[in-house]
Amino acid sequence: MTGPIHIAFKRLPHGAGLPLPHYASDGAAGMDIVAAETLTLAPGSRRAVATGFAIAIPPGYEVQVRPRSGLALKHGITCLNTPGTIDSDYRGEVKVILANLGDTPFDVTPGDRIAQLVPAPVQRAMLAEVAELDDTARGSGGFGSTGR
Ligand SMILES: O=c1ccn([C@H]2C[C@H](O)[C@@H](COP(=O)(O)OP(=O)(O)OP(=O)(O)O)O2)c(=O)[nH]1
Ligand SMILES: [Mg+2]
């Protein structure tokens, strides 16, 4: 584990009184984040759920919004766009796009831990357009071409 990066955190008015994003154990990779609103997710539905905060990530990094495995396993709740991407230049409220893949309605209450944040370095790419790509043994085989 490398040292922590510093992320500016701004609490928004509707986030007042909510717990800060926090690591639930010494070795946790993700900081748990909580909902800042009340809602019920019907089976098969999705919502952008408020967290009540905004962040400023240093250049060269992103923050990934990932599901919590307990919610996924017990209730079928996931982040639809996982891993969600928070760009370093985004200054709006962090939202969690929750989807209910289970078969019962799922209630969310302010303070419920709904997802986790994992910072990651960003490697940008520069494209070089060419007429032909080099040959490989795999070629265009994919999507199970090597067998089960
Ligand atoms: O789970 C997420 C994913 C994204 N965002 C915010 C921060 C991110 O920087 C911005 C844009 O996300 P993304 O690039 O994934 O979405 P887009 O559909 O490409 O929107 P845009 O055109 O604004 O980039 O939305 C969230 O709050 N939560
Ligand atoms: Mg985008």
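The paragraphs below set out a description of the structure included in this document. Keep in mind the model is a prediction, meaning the values are calculated, not measured.

This part covers the nonpolar core. Counting 22 residues, the largest nonpolar core has Ile55, Val65, Ile86, Val96, Leu98, Val108 and Ile114 as the members making the most contacts within it. Breaking this core down by element, the ones donating at least two residues are β4 (39-41), β5 (46-56), β6 (61-66), β7 (77-79), β9 (93-100), β10 (106-108) and β11 (113-121).

Take empty space enclosed by the protein next. A water-sized probe, rolled over the atoms, reveals where empty space remains. As enumerated under the stated definition, the model contains one cavity of 30 Å³ or more in all. As a volume, the largest cavity reaches approximately 60 Å³. Along its surface, the largest cavity is lined by Phe9, Arg11, Gly15, Leu18, Pro19, Leu20, Pro21, Ile33, Val34, Thr51, Gly52 and Phe53. Those elements that place two or more of their residues in the lining of the largest cavity are β1 (8-11), β3 (31-34) and β5. Per-element accounting of the lining of the largest cavity gives the leading share, three residues, to β5. Grouping the constituent residues of the lining of the largest cavity by class yields eight nonpolar, three polar and one charged.

As a further point, take the pattern of salt bridges. Under the counting rule described, the total for this entry stands at three salt bridges. We note a salt bridge from Arg68 to Asp32, for which the minimum N-O separation is 3.8 Å. Within this pair, whereas Arg68 is found in the loop between β6 and α1 (69-75), its partner Asp32 is found in strand β3, the two being separated by 36 residues in sequence. For Asp32, a relative accessible area of 6% gives the class buried.

Before going further, it helps to examine the site of ligand 1. Around ligand 1, the neighbouring residues are Val65, Asn81, Gly84, Thr85, Ile86, Asp87, Tyr90, Glu93, Val94 and Lys95. Take Asn81: an N or O atom from its side chain is 3.0 Å from an oxygen atom of ligand 1. In isolation ligand 1 offers 570 Å² of accessible surface; the protein chains occlude 51% of this area. Those elements that provide at least two residues to the shell around ligand 1 are β8 (84-86) and β9. Split by residue class, the shell around ligand 1 holds four nonpolar, three polar and three charged.

So, on to the environment of Pro19. One can find Pro19 in the loop between β1 and β2 (22-23). Judged by relative accessible area, which is 42%, Pro19 ranks as partly exposed. Considering only alpha carbons, one finds Pro19 and Ala137, 118 residues apart in sequence, at a separation of 53 Å.

Analysis parameters
- Residues numbered from 1 in each chain as written.
- Chains lettered and ligands numbered in written order.
- Predicted model: local features only at pLDDT ≥ 70, side-chain atom pairs only at ≥ 80, totals over all residues.
- Heavy atoms only, no water.
- Core = buried A, V, L, I, M, F, W, Y, C linked by side-chain atoms within 4.5 Å.
- Buried < 20%, exposed > 50% of the residue type's maximum accessible area, 1.4 Å probe, protein only.
- Helix = DSSP H or I, 4+ residues; strand = E, 2+ residues; numbered from the N terminus.
- 1 Å grid on protein atoms, 1.4 Å probe; cavity = no way out; pocket = protein on both sides within 12 Å on 5 of 7 lines; lining within 4 Å.
- Points joined across faces, edges and corners; volume = space filled by probe spheres on them.
- Nonpolar A, V, L, I, M, F, W, Y, C, P; charged D, E, K, R; others polar.
- Salt bridge = Lys/Arg side-chain N within 4 Å of Asp/Glu carboxyl O.
- Near = heavy atom within 4 Å.
- Polar contact = N/O pair within 3.5 Å; in protein donor to acceptor, adjacent residues only side chain to side chain.
- Areas by Shrake-Rupley, 256 points an atom, 1.4 Å probe, with all protein chains shown as cover.

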